[in-house]
Amino acid sequence: MATAFRVLVLYWAFRLSCSASSPEWFQNISTSLFDLSGDIMLGGLFPINQLTSNLSQRSEPNNISCESVDDQGLGLALVMKYTVDEINANQMLLPGIKLGYKIYDTCRQSAVVVKPAISFLTEKSSGVLSVGCNYTDYETSMAAVIGPLSSEMVSVIGKLLGFFLIPQISFGATSDKFSDKDLYPSFFRTVPSDKRQVTVMALLLKEFKWNWVAVVGSEEEYGQQGVQEFSKIAENMSVCVAYQGLIPVYTDPEPVVKNIIANIQNANVGVVVVFSLVEPAVVFFKEVIRRNMTGVWIASTSWAIHNDLTSLPNIQTIGTIIGFTDNTQTLDLLTAYTKELFTKMSKERMKTSTLVPKSSIPDNPCPQCWNLSPANISLVTETSVQRTAFSVYAAIYSVAQALHNMLDCNSSVCMWGPESKIYPWKLLEVLKNTSMDIMGTHVAFDSNGNPNIGYSLIEWVWNDTDLDFIVVGSFYNKLSINRSLLKWHTENAEIPESTCSAACGKGQVHRVKGFHSCCFDCIDCLPGTYQANEEDIQCSKCPEGQWSVFRSTNCTKPTFDVLSWDTPEALIMTLAGVVLLVCQGAVGVVFLRYRRTPMVASSGGTLSFVALLSLMGACLSLLLFLGQPGDVVCRLQLPFTCIFQTVALSIITSISLQIFYVTEFPGKAASHLHILRGPVSWLFMMACCAVQAGFCGWFVQEGPSLSEHVANMKINFVRAFLSCPILHLIVFALMQGFNGVMALISFMCTFMAARPLHQYNLARDITFSSLIYCVFWVTFIPLYIGLTDKKKSIVHISFTLASNLGLVAAYFFPKCYLLLRKPELNTPEHFCTFLEGVPPTPSQEEPQTQPEAAQ
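The rules behind each value
- Residues numbered from 1 in each chain as written.
- Predicted model: local features only at pLDDT ≥ 70, side-chain atom pairs only at ≥ 80, totals over all residues.
- Heavy atoms only, no water.
- Patch = residues over 30% accessible without salt bridge, like charges linked within 9 Å, V, L, I, M, F, W, Y side chains within 5 Å.
- Areas by Shrake-Rupley, 256 points an atom, 1.4 Å probe, with all protein chains shown as cover.
- Salt bridge = Lys/Arg side-chain N within 4 Å of Asp/Glu carboxyl O.
- Helix = DSSP H or I, 4+ residues; strand = E, 2+ residues; numbered from the N terminus.
- Disulfide = S-S within 2.5 Å.
- Buried < 20%, exposed > 50% of the residue type's maximum accessible area, 1.4 Å probe, protein only.
- Axes fitted to C-alpha atoms, helices over the stretch in contact; angles between N-to-C directions.
- Parallel < 35°, antiparallel > 145°, perpendicular 65-115°, else oblique.
- Left-handed = near helix turned anticlockwise from the far one by under 90°.
- Contact = heavy atoms within 4.5 Å.
- Nonpolar A, V, L, I, M, F, W, Y, C, P; charged D, E, K, R; others polar.
- Expected span 1.5 Å × (residues − 1).
- pLDDT = per-residue confidence, 0-100.
- Pairing = 2+ DSSP bridges.

### Re a nonpolar patch on the surface
On the surface, a cluster of nonpolar side chains totalling about 320 Å² of accessible area is made up of Val114, Ile118, Leu129, Val156 and Leu160. Note that Ile118 resides in helix H3 (residues 110-120).

This is the structure:
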């Protein structure tokens, strides 16, 4: 291989040195276009002519007429002659060996291609195809076959050549079925397979989000396989084929084409993929032009740059045409070689008095080609020939390189002699492992005989009347498109649309309607579900512990808000609590100053200070409702609030019971009042606190912790307010109800109590304070039940502050007023009923009329 590499380097260096001017070997070229004798022969199959007879009327095997020259096929045949002449002239790949060729016309017909294929199989020494049991030592007349161009022709002769294992290298057959080495063991090609082509076509559609398309093919091997492969790959890429049709090749195509175009219009597609041979494509686009249709047309490699299409009148009116061509190189010397060839042929004609008759040249595929002249140079300058020429060139050089390797050639000699034989099966094995650099392009075959060649993406762009093929992208293993180079036929040059249904928005899934997945309704994903992928047809449920909002594309773990210190509600309640604490502190200071006076003694004495402290504790306990809650905080919130209120209410209830006893049993009150006001009041307070503590303990024991509550929480929200759980409302009702019962008892005991004449009415203060407390907490029940968690916390704090304020304002404020503004009434006589249990005497009543009136 190292020797082969050095030979190639020397050859291409020599070739480049000659590219500036015509090489000397141009002077020695033969004017025999289709037949050149040589030591090793290559067979060529090219569509040199077009069919001019009716196959359906054929009655004899040879009754086929192909007399209309196919310019592209003839041009490619000239490329084969040029390549063989170049190899023979340079003598670097095959020194001492002359390559020969025989080129036959396929006429693009199966009935024509079989005859030359059989001639290739004849034995080289005898020229006869004999039936044998073993063809191992059988040397065919042709060492390898170059061609044919179309997949239809390869499908006819490929298996026949494969039986003899003759290397067959096609420069245009793209059907992917030839990659099957069980059916076509000796097939190679220098163009990519249609499987790659339809893949890049589908990628192009995905790139521009065209998912509603039609595909049209020619009704033969190339078109049928292309349409079939495209439909399969398009479906896998979520591209819907709204309609597919086949244009007849062997019958009149016009009626079918009209029906195809009508169906395309009815399908309302904006993009049409045309996977067809040239002749059916011409018929198709003539009808498209006649109907004044516009759209995006995706061209397969067979017609993407063919002159028969580009020269159609008004072809520029049909919209945007994007095509694919093989990513190849240009043969720089081909045009100069052909000019020299045609010039030499013209000179020979001038020297010959009469033309050589057709009958005297057996198997001449183009008798009229003897009249070729430099005026016919367009045969090789045509764009379609220029872009396909490299494939023919590479096919022949691949065989030459394989022969070079097989014969152990170096730059000066090959292992070749008169008795040397080229067995096709041996050449095939060498060819499988052959790779080479041709004009800077590395060419190699994979295990299926496919080359490592990609595509160029071109757009037809008209400048006035001239057509340019603008390369707008490329594909090898990845599609690359330069969008800025594309020129669209739409208004404002925007990318055309071709969809059955408008794209769904985020958080919506497709509900397919009909038979095509691209036709759908958009369904919104409800809360708790989400759109996982763009192509989903059903919303996915959120995993455990997560939730989503309406029309969401993902689920999230819930976020919890708390009654933080910086919220307006918390600031207002904190301010209110501070004001209340100041009031309670001020009351405490006043009571402390007058602690030894009858007013303070009748209000409970030391117990009044305990009541004030408990009310202050109730206010401070409300701070537990602010900020981030925790397990400990949640277990202390309600118990602290309730039990502090219980202390104050139990003291007020104790005093109200004393008032009831004094007013209802005045005869016994004097002897027992000191006991009731002393140890009994303390015992009553502690008993009430003990009962409330039992309720609080029950509440803490039965209720879950905050962490347990969150862990077991049913997540059906994305954002929620987090508060301490109150799941056992009965226990909560007992805690609040116990305080309410004490307030109610206080109210009942004092509401009907007889008012002592000319004395301070202590019962009045208790009546109003207990009534206010009861009203607040009775109102609290219906409000609390129907509120959200956040509002429940706010209402609970607000009602606690309000009820505390009611107790302070109604019970303590009147006493402070008397202590500060009317100290003359703060005498034992003014409180004797409540201090001693003795009703006032008549003598006491008269002088106090005026003060009483003042009250």
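### As for the state of the cysteines
Per the stated rule, a full pass over the model turns up nine disulfides. The disulfide partner of Cys240 is Cys518, and the gap between their sulfur atoms is 2.1 Å. Between Cys240 and Cys518 the disulfide shows an S-S torsion of about 90°. By sign, it is right-handed. Taken together, the residues Cys240 in strand E10 (residues 240-247) and Cys518 in the loop between strand E19 (508-512) and strand E20 (520-524) connect sequence positions 278 residues apart. Take Cys583: it sits in no disulfide, and the sulfur closest to it among the cysteines is that of Cys619, at 9.6 Å. The exposure class assigned to Cys583 is partly exposed, which follows from its relative accessible area of 24%. With a relative accessible area of 6%, Cys619 lands in the buried category.

### Observations concerning the packing of helix H17 (residues 631-664) against helix H22 (residues 789-821)
The angle between the axes and the distance between the axes are what describe a pair of packed helices. Following both chains from N to C, one finds H17 and H22 inclined at 20°, their axes separated by 12 Å at the closest point. By the angle between their axes, H17 is roughly parallel relative to H22. In this structure, H17 crosses over H22, and the sense of that crossing is left-handed. On H22, the residues touching Leu638, Thr641, Gln645, Leu649, Ile652 and Ile655 of H17 are His796, Thr800, Ser803, Asn804, Leu807 and Tyr811. Among the residues making up the contact of H17 with H22, the classes are represented as six nonpolar, six polar and no charged.

### A word on helix H16 (residues 606-621)
Counted at 1.5 Å a residue, the expected span for H16 with its 16 residues is 22 Å, and the 23 Å between its end C-alpha atoms agrees. Of the positions making up H16, those classed as buried are Leu607, Ser608, Ala611, Leu612, Ser614, Leu615, Gly617, Ala618, Cys619 and Ser621.

### A word on the confidence of the model for the chain
The predicted coordinates of low-pLDDT regions are not to be read in fine detail. The predicted model of the chain averages 86 in pLDDT, with 91% of residues at 70 or higher. A low-confidence stretch, residues 1-20 stays under pLDDT 50, and its non-local contacts, those more than four residues away or across chains, total 36 contacts. Taken as a whole, residues 840-855 scores under 50 in pLDDT and shows 19 contacts with residues more than four places along the chain or in a different chain.

### Examining the environment of Cys696
On the secondary structure map, Cys696 appears in helix H18 (residues 666-702). The buried category is assigned to Cys696, whose relative accessible area is 6%. Look past the residues within four positions of Cys696 in its chain and what remains in contact with it is Pro639 and Met735.

### With respect to the pattern of salt bridges
For the structure shown, the criterion picks out 17 salt bridges. The partner of Arg290 in a salt bridge is Glu287, with the nearest N and O atoms 2.6 Å apart. Of this pair, Arg290 and Glu287 both sit in helix H8 (residues 278-290), three residues apart, which is roughly one turn of that helix. Of the residues examined, Glu287 reaches a relative accessible area of 8% and is grouped as buried. The network of salt bridges with shared partners includes Asp70, Arg108 and Glu279.

### With respect to the packing of helix H21 (residues 762-785) against H22
Where H21 contacts H22, the axes come no closer than 8 Å and their chain directions differ by 170°. As summarised for this structure, H21 and H22 are arranged roughly antiparallel, according to the angle between their axes. Per-class residue counts for the contact of H21 with H22 are 18 nonpolar, six polar and three charged.

### Notes on the sheet that holds strand E11 (residues 271-275)
The strand order across the open sheet formed by eight strands is E10-E9-E11-E12-E13-E16-E17-E18, and the pairing between neighbours is mixed. In this open sheet, the two strands that pair with only one neighbour each are E10 and strand E18 (479-481). Across this sheet, the average inter-strand angle for adjacent strands is 25°, counted without regard to direction. Pairing of strand E13 (residues 319-326) with strand E16 (residues 455-463) involves five bridges; the strand directions are antiparallel.

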